[in-house]
Amino acid sequence: MTGTFDRADFDLIASWVQPGERVLDLGCGDGALLRRLIDERGAKGYGVELEDAEVLAAIANGINVIQGDIEQGLAGFDDQTFNHVVLSRTLQTVRHTESLLAEMLRVGREAVVSFPNFAYWKNRMAVMSGRMPVSEDLPYEWFDTPNLRFFTILDFEALCSKMGLVIRERQVLDDAGRSVTEEQNFLGSLAIYRLGR
Amino acid sequence: MSDVGTVSAQIAHFDAPLRLKGGGVLPACDLVYETYGTLNAAKSNAILVCHALSGHHHVAGRSVENPANVGWWDNIVGPGRPLDTERFFIVGVNNLGGCHGSTGPASSNPATGKPWGADFPVVTVEDWVEAQARLADHLGIDAWAAVMGGSLGGMQALQWTLSHPQRIRHALVIAATPKLTAENIAFNDVARQAILTDPDFHGGHFYEHGVRPLRGLRLARMLGHITYLSDDQMAEKFGRRLRTGAGSYGFDVEFEIESYLRYQGDKFAGVFDANTYLRMTKALDYFDPAHDHGDDLARALARARAGFLVVAFSTDWRFSPERSREIVHALVHNGQDVAYAEIESAHGHDSFLMDDPHYHAIVAAYLKRITL
């Protein structure tokens, strides 16, 4: 999925990965993020992807891609195998939200999660005017969206608190990919978190 | 895209004794092989294709002796095909113990001057890899760009990464497993029992009696064939259709599936060697690289240096995707390079031989990224 900003979230995620670290990208698509982490950060990358066409593209990109459904959990991946487990713009499409977050922190020391903020002011405006939002980070109509869950920065942090997940860092971007530091739940279109236990 | 044209087999003879895992020694051996494409000056573009239970060296093209005899994996080898002969030098070899020209049970035992028969040793996947390594030496190939195989052939590709980690850059392990399950071994043993209990088997020395255990071999193949297909595919292809309109309430061939299996059994029994069949199934049963490493597959695979492409097929119940994922997760555990594709296919275990566009695109994409 693409959205805002030619993936300004990739810049942030890349800055969090140190050379030689192991990264697992869940829903890695064609492996664009992993390719970047491997080439620019010297990371050791693996991806999980369900769609045939994306798996093929990732293999052509030279990615260690493993075809599978993250909804089925991460069985087979050993505990604490990865330094970072990335779930980029995918959490809102996942049915088993809590178990997936728990699995990410079982196989990885850190979970990196990004998602569109439903409380972004443009989305609020859309709903106020009576329509579901369609925006850079929520680019689908209600009838064709892969998104199952609509939640906000505050909602997500309440879940983290309930699950005992530690928020190590939160970055919020607007729909042009600029950093948002104030009124983030109102002005932020995309949120990116580093989570730990 | 086109095929590789007419091909002829070659024979390499090896005089040095080959010590086998099971304890025996083969004093000398022949390996029959075919090649397609051209070995480059750096000898860096060679791919070995390993065959499965009933396969052989004739992987692609039309045999010079009989143009109707097209190689068993012709759909994937050729100019512009996934194993692109414009780019790669492809080698197919008949394994030791085979019945297509390499030294096997029907070959003459130098100690007696008679066919080896039952005295031909039980050979293992490890032994085959050693013999293939001698063929690589013979061809001047220090390291394979890739070793590829489906089913039992995939096990050989995997074993190459363990026996000779420096001599294989990539392993394409397709529709394979890191070891057989009890159910797999059970099927193999029923097949063996069919052969061993055939009165024409004569303890494996049937050559001297001028007979062949056709009934046993036929049954073995019929049983095996069932396990290569999927329930859905059989239902679609044969269903409960009868050859004639109504049931005869007897034991003749009635259902189409019976007719099909008997035909497959007869065809196979007519050309294959029973002693070879016994040994191929034993090689399958014994394969278990984790066994010597405390049943820890990750530890067993840690010595591999190759990159891996692992491919499994959705309806393969003989070596299910779950078995392939065991290989994948062991490699991920070790931080080794692996890509894994799970192909939707109706054709069961035999899917690996089918001309499926997505499957072939996966293999082609993986091989394209290999630098020569």
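Refer to the preceding data block for the structure.
Residues numbered from 1 in each chain as written. Chains lettered and ligands numbered in written order. Predicted model: local features only at pLDDT ≥ 70, side-chain atom pairs only at ≥ 80, totals over all residues. Heavy atoms only, no water.

Draft legend 1. Local environment of the packing of aromatic side chains. Residue and element names in this part refer to chain B. Going through the model one piece at a time under the given rule, you end up with 22 aromatic pairs over all chains. Taking the centre distance of 5.8 Å and the plane angle of 85 degrees together, the rings of W73 and F352 count as edge-to-face. Taken as a pair, W73 in the loop between β7 (62-63) and β8 (77-78) and F352 in the loop between β14 (338-343) and α10 (357-368) lie far apart in primary sequence, 279 residues in all. Judged by relative accessible area, F352 falls into the buried class, the value being 4%. Here F313 and Y359 contribute two aromatic rings whose centre-to-centre distance is 4.9 Å and whose plane-to-plane angle is 90 degrees, an arrangement assigned as edge-to-face. (Phe/Tyr/Trp six-rings, centres within 6.5 Å; stacked < 30°, edge-to-face > 60°. Helix = DSSP H or I, 4+ residues; strand = E, 2+ residues; numbered from the N terminus. Buried < 20%, exposed > 50% of the residue type's maximum accessible area, 1.4 Å probe, protein only.)

Draft legend 2. Looking closely at a nonpolar patch on the surface. All names here are of chain A. A cluster of nonpolar residues, V127, M132, W142, F143 and F150, forms a patch on the protein surface that exposes about 580 Å² of accessible area. Here M132 lies in the loop between α5 (121-128) and α6 (153-163). Accessibility expressed as a relative area gives 43% for M132, which makes it partly exposed. (Patch = residues over 30% accessible without salt bridge, like charges linked within 9 Å, V, L, I, M, F, W, Y side chains within 5 Å. Areas by Shrake-Rupley, 256 points an atom, 1.4 Å probe, with all protein chains shown as cover. Salt bridge = Lys/Arg side-chain N within 4 Å of Asp/Glu carboxyl O.)

Draft legend 3. Local environment of the interface of chain A and chain B. Taken together, the contacts link 20 residues of chain A with 21 residues of chain B. Note on chain A versus chain B: buried area summed over both sides is about 1,700 Å², and carbon and sulfur give 55% of it. Considering only the side of chain A, the residues that lose the most area to chain B are L56(A), I59(A) and Q67(A), jointly responsible for 32% of the buried surface there. Inspection of the chain A/chain B interface yields one salt bridge. A salt bridge links K44(A) to D337(B), with the shortest nitrogen-to-oxygen separation between them at 2.8 Å. Here chain A is connected to chain B by 14 residue pairs in polar contact (both at pLDDT 80 or more). Those elements that place two or more of their residues in the side of chain A that touches chain B are β2 (44-49), α3 (52-60) and β3 (65-67) of chain A. In terms of residue count, α3(A) provides more of the side of chain A that touches chain B than any other element does, five residues in total. A breakdown of the residues in the side of chain A that touches chain B according to their chemical character gives 11 nonpolar, five polar and four charged. (Contact = heavy atoms within 4.5 Å. Buried area = accessible area lost by both parts, 1.4 Å probe. Polar contact = N/O pair within 3.5 Å; in protein donor to acceptor, adjacent residues only side chain to side chain. Nonpolar A, V, L, I, M, F, W, Y, C, P; charged D, E, K, R; others polar.)

Draft legend 4. Structural context of helix α4 (residues 214-228) of chain B. For α4(B), built from 15 residues, the straight-helix expectation of 21 Å at 1.5 Å per residue is met to within 8% by its first-to-last C-alpha distance of 21 Å. Structurally, α4(B) contributes buried residues whose contacts are with α3 (182-196), α6 (256-271) and α7 (274-286) of chain B. (Expected span 1.5 Å × (residues − 1).)

Draft legend 5. Here's a closer look at the pattern of salt bridges. Tallied over the full model, the rule gives 27 salt bridges over all chains. Across the pair R170(A) and E157(A) runs a salt bridge whose closest N-O atoms are separated by 2.6 Å. Within this pair, whereas R170(A) is found in strand β6 (residues 166-173), its partner E157(A) is found in helix α6, the two being separated by 13 residues in sequence. The residue D200(B) makes a salt bridge to R215(B) at a minimum N-O spacing of 3.3 Å. A residue pair is termed long-range when its members are at least 10 positions apart, and D200(B) in the loop between α3 and α4 and R215(B) in helix α4 qualify at 15 residues.

Draft legend 6. Examining the side chain of H84(A) more closely. All names here are of chain A. Checked against the element boundaries, H84 lands in strand β4 (residues 84-88). With a relative accessible area of 4%, H84 lands in the buried category. One polar contact links the side chain of H84 to the main-chain carbonyl oxygen of W16, over a distance of 3.5 Å. Of note is the side chain of H84, whose polar atom sits 2.9 Å from the side chain of E110. Sequence-distant contacts of H84, that is, excluding residues within four places in its chain, are made with W16, V17, E21, R22, V23, L24, E110, V112 and R194.

Distances and angles like these do not, on their own, reveal function.
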